[in-house]
Amino acid sequence: MIVKMDINLLFKIAAIGILVAVLHQVLVRAGREDQAMMTTLAGLVIVLTMVIKEISGLFDTVRTIFNL
Amino acid sequence: MEIIKIIGIALIALIIIILLKQYKPEFAIYVSLITGVLILLLIMEQLTGIIGLLQDLATKASVNSTFIALLLKITGIAILAEFAVSICKDSGESAIASKIEIGSKIVIIAMSIPIISSLLEIILKILPQ
Amino acid sequence: MLFVKYFMLFLILVASVLLGKNIARKYVNRLKELEEMRTALNIFRSKVSFTYSPIPEIFEEIAKDSKGNIGKIFSVASKKMEKVTANIAWSEAINEVDSNLNKEDKKILENLSKLLGQTDVEGQISQIDITQKFLDNQIQDAIDEKQKNEKLYSKLGITIGLAIVVVLA
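Everything quoted here is computed from the prediction, not taken from an experiment.

Digging into the overall build of chain C
Part 1 of the reasoning: Secondary structure summary: chain C contains six helices and zero strands in total.
Part 2 of the reasoning: Reading the helices (α) and strands (β) of chain C from amino to carboxyl end gives α-α-α-α-α-α.
Part 3 of the reasoning: The C-alpha atoms of chain C give 21 Å as radius of gyration, which overshoots the globular expectation for 169 residues (15 Å, by more than 25%).
Part 4 of the reasoning: Reported as C-alpha extents along the three principal axes, the dimensions of chain C are approximately 70 × 30 × 20 Å.
Part 5 of the reasoning: Classification of the 169 residues of chain C by burial places 31% in the buried group.
Part 6 of the reasoning: By sequence separation, contacts in chain C at least 24 residues apart represent 68% of the contacts at least 6 residues apart.

Listed below in structure tokens is the structure:
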């Protein structure tokens with residue numbers, strides 16, 4: 001089973017990272033450090049869920065190809 | 001043209017990582033992870049052909065098919081372990097990386113026990129009594 | 001199908017940007033309304049001390065002069081005064097009109113009504129003076145909050161909208 005995925009995911013993660021950085025900056029400027037940290041955390045979790053899906057896809061592919 | 005795809009993905013990922021490292025280094029690791037996954041998946045498509053050829057050759061040369069299967073498994077383990085090890089090293093966790101290396105080596109040795117033992121048997125047969 | 005998806009994403013983006021702008025505008029509007037209320041009270045004070053027209057008439061004149069929600073508060077209050085006493089009409093008008101003032105502002109303005117139409121001119125004027133002093137404090141507070149929050153919420157709206165679009169795209 002070859003998992004079809006594309007370069008879009010890379011751009012998506014980059015966009016989320018930049019947006020989280022901007023949010024962090026804005027919130028820190030406004031003196032809301034705790035919310036800034038929470039947004040960073042939320043961004044990390046969102047990206048992590050997307051990344052984990054792809055990693056499991058890779059593992060499945062390797063497992064089927066090499067009969068592991 | 002798989003190679004152009006791979007190079008393209010790698011270069012784009014490089015630019016994204018350089019960009020992200022200034023602002024949020026946490027996300028840069030994810031990008032490099034995904035790049036690794038993407039490139040490996042691209043390679044896997046090619047690998048199926050190579051593996052098919054190998055199995056064909058093995059059946060024609062009437063090599064014990066369990067050995068070929070074992071060999072393939074070991075290659076798979078090595079690829080996955082290498083993937084994890086390089087990610088750990090990139091993130092600066094060389095201790096965990098070396099543990100993964102040790103683990104993969106031990107698993108590979110444990111899996112290749114039948115091959116080693118049959119090799120020893122062959123040697124014993126060849127040796128004059 | 002793809003077009004519908006991108007259209008929806010665009011709608012989400014627009015909605016979140018507008019939401020951020022709306023929240024940001026509330027802080028601007030609160031400051032504007034507080035200042036408007038202060039000038040309105042100034043007019044009220046001079047009218048109470050120099051003309052001896054009844055309060056509903058004064059209120060109606062103020063309502064004509066001032067814009068937006070503040071004008072509405074005064075006109076509602078003057079209409080209500082035909083049926084109930086001045087202080088009840090005033091506090092009801094403040095709470096009924098959908099303004100951008102927060103609870104504290106409303107409480108201060110309600111305090112004004114306690115002496116409204118019940119004491120002599122001197123007492124009312126001093127009451128108005130006290131209310132204006134409190135309003136000054138609130139205006140300062142509103143300026144601080146506006147500076148802190150106005151840009152924050154508009155930027156927050158844009159970035160959160162973009163983030164949602166990126167995640168769903």
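Alright, that's what it looks like, and here's the rest.
Some remarks on the overall build of chain B
Part 1 of the reasoning: What chain B contains, in helices and strands, is five helices and zero strands.
Part 2 of the reasoning: Ordering the α and β elements of chain B from the N terminus gives α-α-α-α-α.
Part 3 of the reasoning: Whereas a compact globule of 129 residues would reach a radius of gyration of roughly 14 Å, chain B reaches 20 Å, over 25% beyond that.
Part 4 of the reasoning: By its C-alpha atoms, chain B is 70 × 35 × 20 Å across when sized along the principal axes.

Details of the interface of chain B and chain A
Part 1 of the reasoning: Taken together, the contact between chain B and chain A spans 31 residues of the former and 25 residues of the latter.
Part 2 of the reasoning: Among the elements that make up the side of chain B that touches chain A, the one with the highest residue count is helix H2 (residues 25-60) of chain B (16 residues).
Part 3 of the reasoning: For the side of chain B that touches chain A, the per-class residue count stands at 23 nonpolar, four polar and four charged.

Quick word on helix H3 (residues 68-80) of chain C
Since the α-helix turns once every 3.6 residues, residues separated by three or four places project in the same direction.
All names here are of chain C.
Part 1 of the reasoning: Between its terminal C-alpha atoms H3 stretches 19 Å, which fits the 18 Å expected from 13 residues at 1.5 Å a residue.
Part 2 of the reasoning: Three or more residues of H3 are buried, namely Ile-70, Ile-73, Phe-74, Ala-77, Ser-78 and Lys-80. When H3 is viewed along its axis, its buried side chains cluster within an angular range of 165° and face the same direction.

Points about the interface of chain A and chain C
Part 1 of the reasoning: The partner chain C presents nine residues to the nine residues of chain A that form the contact.
Part 2 of the reasoning: With seven residues, helix H1 (residues 8-29) of chain A is the largest single contributor of residues to the side of chain A that touches chain C.
Part 3 of the reasoning: When grouped by side-chain class, the residues that make up the side of chain A that touches chain C number eight nonpolar, no polar and one charged.

Considerations on the domain arrangement of chain B
All names here are of chain B.
Part 1 of the reasoning: Segmenting chain B into domains produces domain 1 (1-61) and domain 2 (64-129).
Part 2 of the reasoning: Each of domain 1 and domain 2 was reduced to a C-alpha centroid, and the two centroids are 22 Å apart.
Part 3 of the reasoning: Each side of the interface is counted separately: domain 1 has nine residues, and domain 2 has seven residues.
Part 4 of the reasoning: Residues of the side of domain 1 that touches domain 2, tallied by class, amount to six nonpolar, three polar and no charged.

Considerations on the confidence of the model for chain C
Part 1 of the reasoning: Here chain C averages 82 in pLDDT, while 97% of its residues score no lower than 70.
Part 2 of the reasoning: As a predicted assembly, this complex carries a pTM of 0.71 together with an ipTM value of 0.78.

Some remarks on the packing of helix H2 (residues 33-66) of chain A against helix H3 (residues 65-90) of chain B
Part 1 of the reasoning: Closest axis-to-axis distance for the H2 of chain A/H3 of chain B pair is 9 Å, and the angle between their directions is 160°. Taken as axis vectors, H2 of chain A and H3 of chain B run roughly antiparallel relative to one another. As H2 of chain A packs across H3 of chain B, the resulting crossing turns out to be right-handed. Residue-level contacts link Phe-59, Val-62, Ile-65 and Phe-66 of chain A of H2 of chain A to Leu-72, Lys-73, Thr-75, Gly-76, Ile-79 and Leu-80 of chain B of H3 of chain B.
Part 2 of the reasoning: The residue inventory of the contact of H2 of chain A with H3 of chain B, partitioned by class, reads seven nonpolar, two polar and one charged.

Points about the packing of H3 of chain B against helix H4 (residues 94-111) of chain B
Residue and element names in this part refer to chain B.
Part 1 of the reasoning: At a closest axis distance of 8 Å, the pairing of H3 and H4 adopts a crossing angle of 175°. Classified by the angle their axes make, H3 and H4 are roughly antiparallel. When H3 is examined against H4, the residues Leu-70, Lys-73, Ile-74, Ile-77, Ala-78, Ala-81, Ala-84, Val-85, Cys-88 and Lys-89 are found in contact with a partner set consisting of Ser-94, Ile-96, Ala-97, Ile-100, Glu-101, Ser-104, Val-107, Ile-108 and Met-111.
Part 2 of the reasoning: A class-by-class count of the residues in the contact of H3 with H4 yields 14 nonpolar, two polar and three charged.

Points about H2 of chain A
Part 1 of the reasoning: Compared with the 50 Å implied by 1.5 Å per residue over 34 residues, the 49 Å span of H2 of chain A between its first and last C-alpha is a close match.
Part 2 of the reasoning: On its buried side, H2 of chain A packs onto H1 of chain A together with H2 and H3 of chain B.
Part 3 of the reasoning: In the segment just after H2 of chain A, Asn-67 of chain A is the residue with positive phi, at about 55°.

Description of the nonpolar core
Part 1 of the reasoning: Membership of the largest hydrophobic core comes to 61 residues, with the highest contact counts inside it found for Leu-10 and Ile-13 of chain A, Val-31 and Ile-34 of chain B together with Phe-74 and Ala-77 of chain C.
Part 2 of the reasoning: Here the element with the most residues in this core is H1 of chain A; it accounts for twelve residues.

A closer look at the confidence of the model for chain B
Part 1 of the reasoning: Mean pLDDT over chain B works out to 89, with 100% of the residues at or above the 70 mark.
Part 2 of the reasoning: Ranking the helices and strands of chain B by mean pLDDT puts H4 of chain B first, with 94, and H2 of chain B last, with 88.

Let's talk about the environment of Glu-2 of chain B
All names here are of chain B.
Part 1 of the reasoning: If you trace the backbone, Glu-2 turns up in helix H1 (residues 2-23).
Part 2 of the reasoning: As a C-alpha pair, Glu-2 and Gln-46 span 44 residues in sequence and 8.7 Å in three-dimensional space.
Part 3 of the reasoning: Residues contacting Glu-2, with those up to four places away along its chain left out, are Leu-42 and Gln-46.

Remarks on the environment of Ile-18 of chain B
Residue and element names in this part refer to chain B.
Part 1 of the reasoning: Locating Ile-18 in the fold gives a position in helix H1.
Part 2 of the reasoning: For Ile-18, a count of 10 C-beta atoms within 10 Å translates into the label exposed.
Part 3 of the reasoning: Ile-18 sits ten residues away from Ala-28 along the chain, and the two C-alpha atoms are 7.9 Å apart.

Reading guide: rules and limits
Residues numbered from 1 in each chain as written. Chains lettered and ligands numbered in written order. Predicted model: local features only at pLDDT ≥ 70, side-chain atom pairs only at ≥ 80, totals over all residues. Helix = DSSP H or I, 4+ residues; strand = E, 2+ residues; numbered from the N terminus. Rg over C-alpha atoms; globule rule 2.2 N^0.38 Å. Buried ≥ 20, exposed ≤ 12 C-beta atoms within 10 Å, placed from the backbone. Contact = placed C-beta atoms within 7 Å. Nonpolar A, V, L, I, M, F, W, Y, C, P; charged D, E, K, R; others polar. Expected span 1.5 Å × (residues − 1). Arc of directions from axis to C-beta. Domains from an automatic or database assignment. pLDDT = per-residue confidence, 0-100. Axes fitted to C-alpha atoms, helices over the stretch in contact; angles between N-to-C directions. Parallel < 35°, antiparallel > 145°, perpendicular 65-115°, else oblique. Left-handed = near helix turned anticlockwise from the far one by under 90°. Core = buried A, V, L, I, M, F, W, Y, C linked by C-beta atoms within 7 Å.

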